[in-house]
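Per-entry structural report
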Amino acid sequence: MTYKPGSVAIVGAAETTELGKLPDISQLQLHADAALNAMADCGLRPADIDGIATAREVPTELAHYLGIVPKWVDGTSVGGCSFMIHVRHACAAIEAGLCNTVLITHGESGRSQIGRPVQGVGPSTQEGQFQMPYGPLGPPTMFTIPVLRYLKTYGVGIEKVANVGVVQRKWAGFHPRASFRDPITIDDVLNSRMIAWPFRLLMCCLVTDGGGALILTKADRASSFPTKPVYIQGIGESVETSLISQMEDFTSSRAFRVAGRTAFENAGITHKDVDHLMIYDAFAHLPIYGLEDLGFCGRGEAGDFMWDGNTAPGATGSNALPLNTNGGGLSYMHSGMYGMYALQESVRQMRGTSPAQVEGAELSVCHGVGGMFAASGTVVMSSRPA
Amino acid sequence: MSDYQKWIPVPTPETRHFWDGCREGRLLLQRCGDTGRAYFPPRPFSPYTGSRNVSVFEASGRGTLYSYVINHRPAKGFEAPYAIAIVQLPEGVRMMTNIVECEQTPEALELDMPLEVCFEKIDDDISLPLWRPAGG
């Protein structure tokens, strides 16, 4: 048995009232603000919600804070793609009749660090023993490590990675809520501050505060809501390793391949069916890995595919594939667990309400990463009922 | 206590033999008895088959530079810029390391260059495996 494509729909979706630098709101309240906005979006109150999922914060805290009495709970917390995975688990739960209406929340005071739970690595964990002694300082020094191997394997130049930020900035220009909207050039990227060679500042995501929430229910109930339903067509998930050194292949993510293939097979779609694509971009190489691991491009070819403008605004022809149309984590916003914002842009595209709307888009693939190539979740959405 | 400011690993019962080996200047890996394949990090069973039929053996101490970044924002105790690298061992496993006795530049750090293991004594219990250009 697998998930029946189109049987669950997103009926409520919203981001926090504000995105950016928000020192006057706690992380917990960012969750709540997004949740209240999503409930308002579809005309629900907390009493109407009977399932809740969230990451990093435990669902217990959110349920009580929001006044929700859940019959179904999911606290899967595997990094920024947790929300894609929550969508999958919620679909299974709704289909199985475990609950009717699921709220998925994200809130993160990534920049202002207000009300943020203590995070850290213990010295006797695997990470503490085999990674931390060598001086990594967060994702910019670990997520980026496989890239030199990728570039050498396929004879790709770093300008192809830099170009990802340039293309995505063009998309961000359409979005009034994007953090960075002014166009940039390859030279701007390659002359920005060195963070961890070969990665410079404009190849790294920004760090902001914000949140987002989704509300899902059975597709056959969707017509009773005021919003245009967005149907879940297929979903996949996987995890690989918490240690970047132990990735099976430095030029490809196993978790990406497993989650992506599962979602495509579940949805019964081919690549040509896809009108719109989101690939979680904590760093500029991720859309390149994602395009290849999802099967849109051959090995080593995604950099050229983007260089040729196929993912940029205004692309036409059979290769046109609008990608990261909110500007991505590199330009739109990135609180730390960006997956929720990628999902929000896919929902906007399927509703026809994105400021960077892809004309006639009916099928969107939203692909997330968690940790540093540690986890992945893929959601296929459709604007049309099954 | 020494003036060592960097992160100091703390062994678990399952990794104790690895760190004991490092203290004695020996890089110890494990091998799956069913498949003959080596694995890392340490654990008392095979990640390939789930079998507890595993053995400990000493690695050759040779390797090659597989991939890296050069970090420009130092972690505590480090002086930037420094490479955070992955070494590929001929035994078939990879591990994170720093590259010592070598300039920390893209020119000096050539992918696939041969490396050899060395150990830095941190305290009476822990010596950290590091890698340097082979035959240096």
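Structural notes, computed from the coordinates.

**Digging into the interface of chain B and chain A**
The interface of chain B with chain A comprises 30 residues on the first partner and 28 residues on the second. Broken down by secondary-structure element, the contributors of at least two residues to the side of chain B that touches chain A are β4 (62–71), β5 (82–88) and β6 (94–97) of chain B. Looking at which element gives the most residues to the side of chain B that touches chain A, the answer is β4(B), with six residues. Among the residues making up the side of chain B that touches chain A, the classes are represented as 20 nonpolar, seven polar and three charged. Alignment of strand β5 (residues 194–197) of chain A against β4(B), held across two bridges, turns out to be antiparallel. Bridge pairing in β4(B) places Trp197(A) opposite Ile70(B).

**Thoughts on helix α5 (residues 147–154) of chain A**
Those residues of α5(A) that sit buried are Val147(A), Leu148(A), Arg149(A), Tyr150(A) and Leu151(A). Check the buried side of α5(A) and you find it contacts α6 (158–172) of chain A together with β4 of chain B. One or two positions beyond α5(A), positive phi appears at Gly155(A), with a value near 60 degrees.

**A word on the packing of helix α8 (residues 254–267) of chain A against helix α9 (residues 286–293) of chain A**
All names here are of chain A. It is at 9 Å that the axes of α8 and α9 come closest, and there the two elements cross at 50 degrees. As judged from the angle between their axes, α8 and α9 are oblique. Crossing handedness for the pair α8 and α9: right-handed. Together, Phe-256, Arg-257 and Gly-260 of α8 and Tyr-289, Gly-290 and Asp-293 of α9 make up the contact between the two elements. For the contact of α8 with α9, the per-class residue count stands at two nonpolar, two polar and two charged.

**Observations concerning the packing of helix α1 (residues 27–42) of chain A against helix α2 (residues 59–66) of chain A**
All names here are of chain A. One way to put it is that α1 packs onto α2 with a least axis distance of 10 Å and a crossing angle of 60 degrees. Taken together, the axis directions place α1 and α2 in an arrangement best described as oblique. Crossing hand, α1 versus α2: right-handed. Mapping the contact onto sequence places Leu-28, His-31, Ala-32 and Ala-35 in α1 and Glu-61, Leu-62, Tyr-65 and Leu-66 in α2. Tallied by class, the residues present in the contact of α1 with α2 amount to six nonpolar, one polar and one charged.

**Description of the sheet that holds strand β3 (residues 54–58) of chain B**
Strand order in this open sheet of three strands is β2-β1-β3 (chain B), and the pairing throughout is antiparallel. Each of the sheet's edge strands pairs with one partner strand only, and the pair in question is β2 (38–39) and β3 of chain B.

**Side note on the pairing of strand β2 (residues 51–54) of chain A**
It is a general feature of regular strands that their side chains alternate between the two faces of the sheet. Residues and elements named next belong to chain A. Of the two faces of β2, the one carrying Gly-51 and Ala-53 and the one carrying Ile-52 and Thr-54 are both buried. The sheet contact formed by β2 and strand β3 (residues 72–74) spans three bridges and is parallel. Paired with Ala-53 across the strands is Asp-74, a residue of β3. The parallel pair β2 and β3, bridged by α2, forms a crossover whose chirality is right-handed. The pairing of β2 with strand β4 (residues 101–109) spans four bridges and is classified as parallel. Bridge pairing in β4 places Ala-53 opposite Ile-104.

Rules used in this analysis
- Residues numbered from 1 in each chain as written.
- Chains lettered and ligands numbered in written order.
- Predicted model: local features only at pLDDT ≥ 70, side-chain atom pairs only at ≥ 80, totals over all residues.
- Contact = placed C-beta atoms within 7 Å.
- Helix = DSSP H or I, 4+ residues; strand = E, 2+ residues; numbered from the N terminus.
- Nonpolar A, V, L, I, M, F, W, Y, C, P; charged D, E, K, R; others polar.
- Pairing = 2+ DSSP bridges.
- Buried ≥ 20, exposed ≤ 12 C-beta atoms within 10 Å, placed from the backbone.
- Axes fitted to C-alpha atoms, helices over the stretch in contact; angles between N-to-C directions.
- Parallel < 35°, antiparallel > 145°, perpendicular 65-115°, else oblique.
- Left-handed = near helix turned anticlockwise from the far one by under 90°.
- Right-handed = clockwise from strand over helix to strand, strands pointing away.

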